[in-house]
Amino acid sequence: MNSPLDTFLSDQALATGRDLAAHGTPAVVILPATGTCAWCDCRVISTNYDHRFCAGCPRDAAMVIHVYSAATGERDWDILLCPEHKEDALQFLTAVVAAGGFR
């Protein structure tokens, strides 16, 4: 269970990602793969994903990377990951943004 401080910090991270994207900057927010957002009552992870597994392997997901697109200003992707695939995913997303993606 998240403490009130954990909930506040995750909600603020999601709000910051949304605000950056709304002003034309792609944003990535990494949070634990559980819970809901108290700030806007959305689920931390979209319901169309299997919340148990990493996107890169059959291990349990420990975190989710939320990707906000500068083109839409919205959270377009939720990528579930195990700790072993976090760096690979961040390198991939960095390359996509550097190539002009999410604009």
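To be clear, the structure that these remarks concern was listed above.
Residues numbered from 1 in each chain as written. Predicted model: local features only at pLDDT ≥ 70, side-chain atom pairs only at ≥ 80, totals over all residues. Heavy atoms only, no water.

Secondary structure summary: the chain contains 2 helices and 3 strands in total. Reading the helices (α) and strands (β) of the chain from amino to carboxyl end gives α-β-β-β-α. The buried share among the 103 residues of the chain stands at 35%. Taking contacts inside the chain between residues at least 6 apart in sequence as the whole, the part at least 24 apart equals 56%. Surface summary for the chain: the accessible area is close to 6,100 Å², and the carbon and sulfur share equals 57%. (Helix = DSSP H or I, 4+ residues; strand = E, 2+ residues; numbered from the N terminus. Buried < 20%, exposed > 50% of the residue type's maximum accessible area, 1.4 Å probe, protein only. Contact = heavy atoms within 4.5 Å. Areas by Shrake-Rupley, 256 points an atom, 1.4 Å probe, with all protein chains shown as cover.)

So, on to the sheet that holds strand β3 (residues 75-81). Pairing is antiparallel in the open sheet, where 3 strands are placed in the order β1-β2-β3. The sheet is open, and its two borders are formed by β1 (27-32) and β3, each paired with just one other strand. This sheet shows a mean twist of 20° between the axes of neighbouring strands, independent of strand direction. Sheet topology places β1 next to strand β2 (residues 63-68); 6 bridges connect them, and they run antiparallel. (Pairing = 2+ DSSP bridges. Axes fitted to C-alpha atoms, helices over the stretch in contact; angles between N-to-C directions.)

Moving on: the environment of A55. Assignment of secondary structure puts A55 in the loop between β1 and β2. Through-space distance from the C-alpha of A55 to that of H85 is 8.5 Å; in sequence the pair is 30 residues apart. Apart from residues lying up to four places away in sequence, A55 is in contact with I79, L80 and L81.

Moving on, we get to helix α1 (residues 4-22). Given a rise of 1.5 Å per residue, 19 residues ought to cover 27 Å, and the 27 Å separating the end C-alpha atoms of α1 matches this to within 8%. Buried within α1 we find S10, D11, L14, A15, G17 and A21. Looking straight down α1, one finds that the buried residues subtend no more than 155° of arc, so they occupy a single side. Exposed residues lying more than 90 degrees from the buried face of α1 are P4 and L5. Structurally, α1 contributes buried residues whose contacts are with β1, β2 and β3. Phi turns positive one or two residues past the end of α1, at G24, with a value near 95°. (Expected span 1.5 Å × (residues − 1). Arc of directions from axis to C-beta.)

Bringing the nonpolar core into the picture now. C54, C57, M63, I65, V67, I79, L81, C82, A89, L93 and F102 form the largest nonpolar core, which has 11 residues in total. Where this core is concerned, the elements lending two or more residues are β2, β3 and α2 (86-98). Among the elements that take part in this core, β2 stands out by supplying 3 residues, more than any other. Not counting chain neighbours up to four residues away, the residues in contact with C57 comprise C82 and H85. In terms of nonpolar packing, the next biggest core, distinct from the first, is built from 10 residues, A21, V29, A61 and L80 among them. (Core = buried A, V, L, I, M, F, W, Y, C linked by side-chain atoms within 4.5 Å.)

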